[in-house]
There are 2 protein chains.
Amino acid sequence: MFNNLLSARIKKTPSSFIREILKVTQNPQIISFAGGLPNPISFPVEELKTSTNEIIKKYGNKVFQYSTTQGLDILREYIVERYKKLWNMDITIENVIITTGSQQALDLIGKVFLNKGDKVLVEKPSYLGLLQAFMMYEAEFVQTKLNDDGLDIEELKDNLKTHHPKLAYLIPNFQNPTGLTYSSENRKAVFEAIKDEDMILIQDDPYGELRFTNDERIPYIGLNQTNKNIYLGSFSKIVTPGFRLGFVIAHKDIIKALETAKQASDLHSNIFSQYQIAQYLQNNDLDKHIEKIKNLYKSQASAMVDAMKEFFPNNVKFTIPKGGMFSWVTLEEGKSALKLFDIAIQKNVAFVPGDPFYVSEKNVNTLRLNYTNADEATIKEGIKRLAKSISEI
Amino acid sequence: MFNNLLSARIKKTPSSFIREILKVTQNPQIISFAGGLPNPISFPVEELKTSTNEIIKKYGNKVFQYSTTQGLDILREYIVERYKKLWNMDITIENVIITTGSQQALDLIGKVFLNKGDKVLVEKPSYLGLLQAFMMYEAEFVQTKLNDDGLDIEELKDNLKTHHPKLAYLIPNFQNPTGLTYSSENRKAVFEAIKDEDMILIQDDPYGELRFTNDERIPYIGLNQTNKNIYLGSFSKIVTPGFRLGFVIAHKDIIKALETAKQASDLHSNIFSQYQIAQYLQNNDLDKHIEKIKNLYKSQASAMVDAMKEFFPNNVKFTIPKGGMFSWVTLEEGKSALKLFDIAIQKNVAFVPGDPFYVSEKNVNTLRLNYTNADEATIKEGIKRLAKSISEI
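These numbers were taken from a predicted model, which means no experiment stands behind them.

## Observations concerning the overall build of chain A
Per the secondary structure count, chain A includes 13 helices and 14 strands. For chain A, the C-alpha radius of gyration of 21 Å lies close to 21 Å, the compact-globule estimate for 393 residues. Projected onto the principal axes, the alpha-carbon positions of chain A cover approximately 60 × 55 × 50 Å. Residue pairs at least 24 apart in sequence account for 76% of intrachain contacts in chain A once pairs closer than 6 positions are excluded.

What follows is the structure, given as C-alpha cells:
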C-alpha cells in the first residue's frame, strides 16, 4: 500500500537484512553469530548507575531540558583531550559534534555532502549500515577490493581516475564485516593516492580501541595532514550502545554543516545520556575499562578461531581477528552463504551471509561471524553446528 | 570552505534562526520569550529518578544494549492503550514507532515520502522545524492561510486543485507558532476538502494535552476515517524533552517504511530512556502530572496576556492562547519584527521574529512569544520592555 506515494529512495532500499535476522535470532535456542552486539557483561552497570544518580543531584533540571545541537560541552571537551593525547590532533570543541550513534553521523554526512548520483568509494565488502544510509541520498557506490593488508591500491587508483568519487568511506581498524586492519604501509599508499583528489575521506572507527595485541596503534590515513578528513567515533563498543552516542571530528566548517543537518534531523541527542557518559568518564578510567573488554573479546575470538581450525574443512578460509568483533569466512568457490544460512538456521546457529555487504554481487560465498556476544563454550558449540551445516551444502 | 563539495540541500538550508537566537539568549540578563522550552519546574525529577533506579534493577544489562528499531514494546503498548482510550483508535503496536523526538519523525517522513520538488501543503505560518526537515528533501511548500478558527478553506481548496500536494502538515491544536486551534467545524471542512485527494495528512500534536480550559478535546481531522493519516506525539512537553522521545501512529505499511528509514538514520532511539519513560508511566498517573503543567502554563499565559493588554499599544494584535506554549503578535502594518528584535535585544528581551515561519515572505510584522519558561513577574517585566521597544520602531 501507499506505493505510489513513497519516495524513490525508500523504494530502492531494502530493510536491513541484519536487523531482520536479529528478529529471527530472538529465539533463545539459536546460537547467534549474526549481530554486532557487545557482550552485555562488559557494560559498566554499577558505575553508570552511580553516575546517573550523581548527575541528577549535580545538574538538576538541566539533564531533562532541551539542549544544544552540537552536544554537551564537557563531553566534547573530553573527546578533544583524548584525541589530542592519542593522536596529537590540533582540535577544539568546535571540531566535535555529538551524534545519535555513529549511524546518525553517516546519515548527516550523507545529508550534507551527497546529491543524487554522487559517487562514494567504499571497501568491498563494506559496512551495510553505511550503504543503507547513503542509499537514502541516492549515492552511487564504487567498491574497492579489500586485501589482507588494506585497500587494493591499484584498484583504488583506477577507481579514483575513472569515477572521481566525492566521498570515500573506510574502516581501517578491524573492519566490519571482515575484521581486517590496514597496515601502516597500506595507509600511506592510500593517502598518497587520494591526497590530490578533491574529496572527503571518512574514517569510521568504532573498533579501533579494541586491539587484542600489544602492537602500537597505527595512525589514521593522512592523520593531521589534510583538513578533508572526517573521523567517526562511538561510545557503543567501549561503554554502552543503548545510549546511542557517537561523535564526529572534522574541520569546523564541516561540523557547522553537520550541525545544520542535525537541527533538522533530531534537534540534539539525548542530553540525559550525554551527562551520564560525561560523568562516567570523569569518575572512571576509560582505558582500564577498555582493557577488560579487550581481554574478554580476545578469549572469545580465540575460542572461535580454535573451533574453526578444529571443525571447518580445509577449503574454508577465515580471517584471524587481532581486534574488534568479527571474523570473515570464505567458503569454497561457488558455494552460497545464503543457502548455508537456511541450513544453519535449522541447526539453530545464525550468521550474516555476505550479500548485504556488497553493492552488486549476489549469492556470494562469504559470511560474517561475530564472537563478542556468546561465551566460549557456546561459541565452540555454534561453530560445530556451523561446520556440520557447511558439510551439507 | 568545502562549498564545492556540499550538497544542494544543505546550501539551501539556513541554520535554524531559533537555535541561533537561543545561543544569544544564554545571557542570563536577557528575558527570553524566544525558545519553546518547557518550564523546568514541570519536570517530574524525583519520579524519573526513582524509575531510573528501578529499571537498572529490574532489567539489568538490557537497558544498555542495542535494541529494536521500532522501539520498546511496553512503551508502544502504553501509547496504543492511551490512544484507544482517548480517541477510540483501532490500533496495535504495529501502528506505532518510537522516534528520537518528533523532529526525527518529520525527518523520517520526509525520507520516506519526498522526492525532489514534491509539494507539501503547510499552514501559513508553519512550524519552522518542519520547513527545515523537509527542505532537506528539497520539497516545495504550498502555504495556506491560518485563520482564528483554522485553515482558510477556500485557499485550501484552491491550493489542492492547483498543486496536488503529496503531503499536508498541520498542527490543529495550539499551533506553533500562532497558538491557534482549529474548530470542530473547520476540521470537518478540511477533511471534506482533502478526503478524495491521493495524499497523506500529517497531524503534529505536541501540545494537544496542554489545554487550559475544560472544553472537550476536539477530535483529529478525519479521525478513524482514513488510513492515510499520520499522527505525531511526543513526551517532550508532558514529561521531558531531554530524552528526545516522540512517536508516530499510522497505518502499519507506513510504519514499516519509517522503520527502514530509521534503521539508516540512527538504528534505534536511546533504549535506556525508553525504559525510563515506560517505567515512569507505569508508576505514575500521567494525567495528574499533565494537570499540574496545565495549571502552571495557564497562569503564565494569563500573566502574558494581561501584561500585553496593559502595556501594548492598541494597534498591536495578539492571540489569546487556550493551551500550548505560544502567543502570536501582529504589529502595525508595515512594521518589521526583525527590526523590533534588534531594539528589544538591547533592552534584554528576546522573541522569535515571524520570518522563519514563512516560506517566502520577508520582513514580516509578526512575532512569536513563548510564555512557558519564565515566572509571572518576569513575564510582566519582559512584556513591559517589549512594549517599550515597540514604541521605538
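We are not done yet, so read on.
## Overview of the relation of the copies chain B and chain A
Least-squares fitting of chain B to chain A yields an RMSD of 0.0 Å, with the superposition described by an axial translation of 0.0 Å and a rotation of 180 degrees. Here the symmetry operator amounts to a two-fold rotation axis. No C-alpha of chain B approaches the rotation axis more nearly than that of B:Asn270, which lies at 3.7 Å. By residue overlap, the copies meet face to face through one surface: 100% of the interface positions of chain B are interface positions in chain A.

## Examining the interface of chain B and chain A
In this complex, chain B contributes 65 residues to the contact, which on the side of chain A involves 65 residues. Listed by contribution, the elements that provide at least two residues to the side of chain B that touches chain A are α1 (8-12), α3 (45-59), α5 (101-113), α6 (128-135), α9 (252-266) and α10 (271-283) of chain B. The element contributing the most residues to the side of chain B that touches chain A is α9(B), with nine residues. Class assignment of the residues belonging to the side of chain B that touches chain A gives a composition of 29 nonpolar, 26 polar and 10 charged.

## Considering unusual backbone geometry
Looking along the chain, the bond that leaves A:Asn176 and enters A:Pro177 is cis, with omega of 20 degrees. Its place among the elements puts A:Pro177 in the loop between β6 (167-170) and α8 (184-194). B:Lys124 connects to B:Pro125 through a cis peptide bond whose omega is 5 degrees. Relative to the helices and strands, B:Pro125 resides in the loop between β3 (119-124) and α6. Positive phi, close to 65 degrees, is recorded for A:Phe2, a residue that is not glycine. Relative to the assigned elements, A:Phe2 resides in the segment before α1 (8-12).

## Here we look at α10(B)
Here α10(B) contains 13 residues, and its C-alpha end-to-end distance of 18 Å stays within 8% of the 18 Å for a straight helix at 1.5 Å per residue. What α10(B) keeps buried is the set B:Ile271, B:Phe272, B:Ser273, B:Gln274, B:Tyr275, B:Gln276, B:Ile277, B:Ala278, B:Gln279 and B:Tyr280.

## Brief notes about the domain arrangement of chain A
Residue and element names in this part refer to chain A. Domain assignment breaks chain A into domain 1 (8-44 + 288-390) and domain 2 (45-283). Just the C-alpha atoms count here: the centres of domain 1 and domain 2 sit 24 Å apart. Residue-level contacts link 30 residues of domain 1 with 35 residues of domain 2. Counting only elements with at least two residues in the side of domain 1 that touches domain 2, the list comes to α1, α11 (286-311) and β11 (326-330).

## Re the sheet that holds strand β14 (residues 366-370) of chain B
Note on sheets: strands pair through backbone hydrogen bonds, and any given pair is parallel or antiparallel. All names here are of chain B. Spatial strand order, β10-β11-β14-β13: four strands in an open sheet with antiparallel pairing. Each edge of the open sheet carries a strand with a single partner, namely β10 (317-318) and β13 (352-353). Bridging between β13 and β14 involves two bridges; their strand directions are antiparallel. Each residue of the ladder has a partner; that of Pro 353, found in β14, is Leu 367.

## What about the pairing of strand β7 (residues 200-204) of chain A?
Residue and element names in this part refer to chain A. Of all five residues in β7, five are buried; the element is thus mostly enclosed. Burial of the side chains of β7 extends over both faces: Ile 200, Ile 202 and Asp 204 are buried on one face and Leu 201 and Gln 203 on the other. In terms of strand pairing, β6 meets β7 through four bridges, oriented parallel. In the strand pairing of β7, Ala 168 is matched with Leu 201. Running through α8, the crossover from β6 to the neighbouring parallel element β7 is right-handed. In this structure, β7 lies alongside strand β8 (residues 229-234), joined through four bridges in parallel fashion.

## Some thoughts on the environment of B:Arg82
Residues and elements named next belong to chain B. Examined against the element boundaries, Arg 82 turns out to sit in helix α4 (residues 73-87). Note on Arg 82: 15 C-beta atoms within 10 Å, which makes it partly exposed. Sequence separation of Arg 82 and Asn 348 is 266 residues, and the distance between their C-alpha atoms is 42 Å.

## Re the sheet that holds strand β9 (residues 246-249) of chain A
Residues and elements named next belong to chain A. Spatially, the eight strands line up as an open sheet ordered β2-β9-β8-β7-β6-β3-β4-β5, and their pairing is mixed. If you trace the sheet from one side to the other, it starts and ends with β2 (96-99) and β5 (150-151), each paired once. Each of β2, β8 and β9 is contacted by helix α9 (residues 252-266), which is oriented at about 30 degrees to β2, the strand it contacts most.

## Things to note about the pairing of strand β3 (residues 119-124) of chain A
Working note: regular strand, side chains alternate between the two faces of the sheet. Residues and elements named next belong to chain A. Pairing analysis gives six bridges linking β3 to strand β4 (residues 140-147), with the strands arranged parallel. Paired with Leu 121 across the bridge in β4 is Val 142. Taking the sense of rotation as the criterion, the β-α-β connection linking β3, helix α6 (residues 128-135) and β4 turns out right-handed. Bridge analysis of β3 against β6 gives three bridges, and the strand direction is parallel.

## Observations regarding the packing of α4(B) against α10(B)
Two quantities define a packed helix pair, namely the angle between the axes and the distance from one axis to the other. All names here are of chain B. Across the interface, α4 lies against α10 with an axial gap of 9 Å and an inter-helix angle of 45 degrees. Of the possible angle classes, the one that applies to α4 and α10 is oblique. Our pair here, α4 against α10, has a crossing hand that is left-handed. In this structure, α4 contributes Ile 74, Leu 75 and Tyr 78 to the contact, and α10 contributes Gln 274, Ile 277, Ala 278 and Leu 281. A class-by-class count of the residues in the contact of α4 with α10 yields six nonpolar, one polar and no charged.

## Notes on the packing of helix α3 (residues 45-59) of chain A against helix α10 (residues 271-283) of chain A
Residues and elements named next belong to chain A. Closest axis-to-axis distance for the α3/α10 pair is 8 Å, and the angle between their directions is 110 degrees. Considered as vectors, α3 and α10 are oriented roughly perpendicular to each other. Here the hand of the crossing between α3 and α10 comes out right-handed. Residues Glu 47, Leu 48, Thr 50, Ser 51, Thr 52, Glu 54, Ile 55 and Tyr 59 of α3 pack against Tyr 275, Gln 276, Gln 279, Tyr 280 and Asn 283 of α10. Grouping the constituent residues of the contact of α3 with α10 by class yields five nonpolar, six polar and two charged.

## Topic: the environment of B:Gly179
Summarising the element assignment, B:Gly179 is placed in the loop between β6 (167-170) and α8 (184-194). Distance in space between the C-alpha atoms of B:Gly179 and B:Leu338 is 20 Å, their sequence separation being 159 residues.

Cut-offs used in this document
Residues numbered from 1 in each chain as written. Chains lettered and ligands numbered in written order. Predicted model: local features only at pLDDT ≥ 70, side-chain atom pairs only at ≥ 80, totals over all residues. Helix = DSSP H or I, 4+ residues; strand = E, 2+ residues; numbered from the N terminus. Rg over C-alpha atoms; globule rule 2.2 N^0.38 Å. Contact = placed C-beta atoms within 7 Å. Least-squares fit on C-alpha atoms with pLDDT ≥ 70 in both. Nonpolar A, V, L, I, M, F, W, Y, C, P; charged D, E, K, R; others polar. Expected span 1.5 Å × (residues − 1). Buried ≥ 20, exposed ≤ 12 C-beta atoms within 10 Å, placed from the backbone. Domains from an automatic or database assignment. Pairing = 2+ DSSP bridges. Right-handed = clockwise from strand over helix to strand, strands pointing away. Axes fitted to C-alpha atoms, helices over the stretch in contact; angles between N-to-C directions. Parallel < 35°, antiparallel > 145°, perpendicular 65-115°, else oblique. Left-handed = near helix turned anticlockwise from the far one by under 90°.

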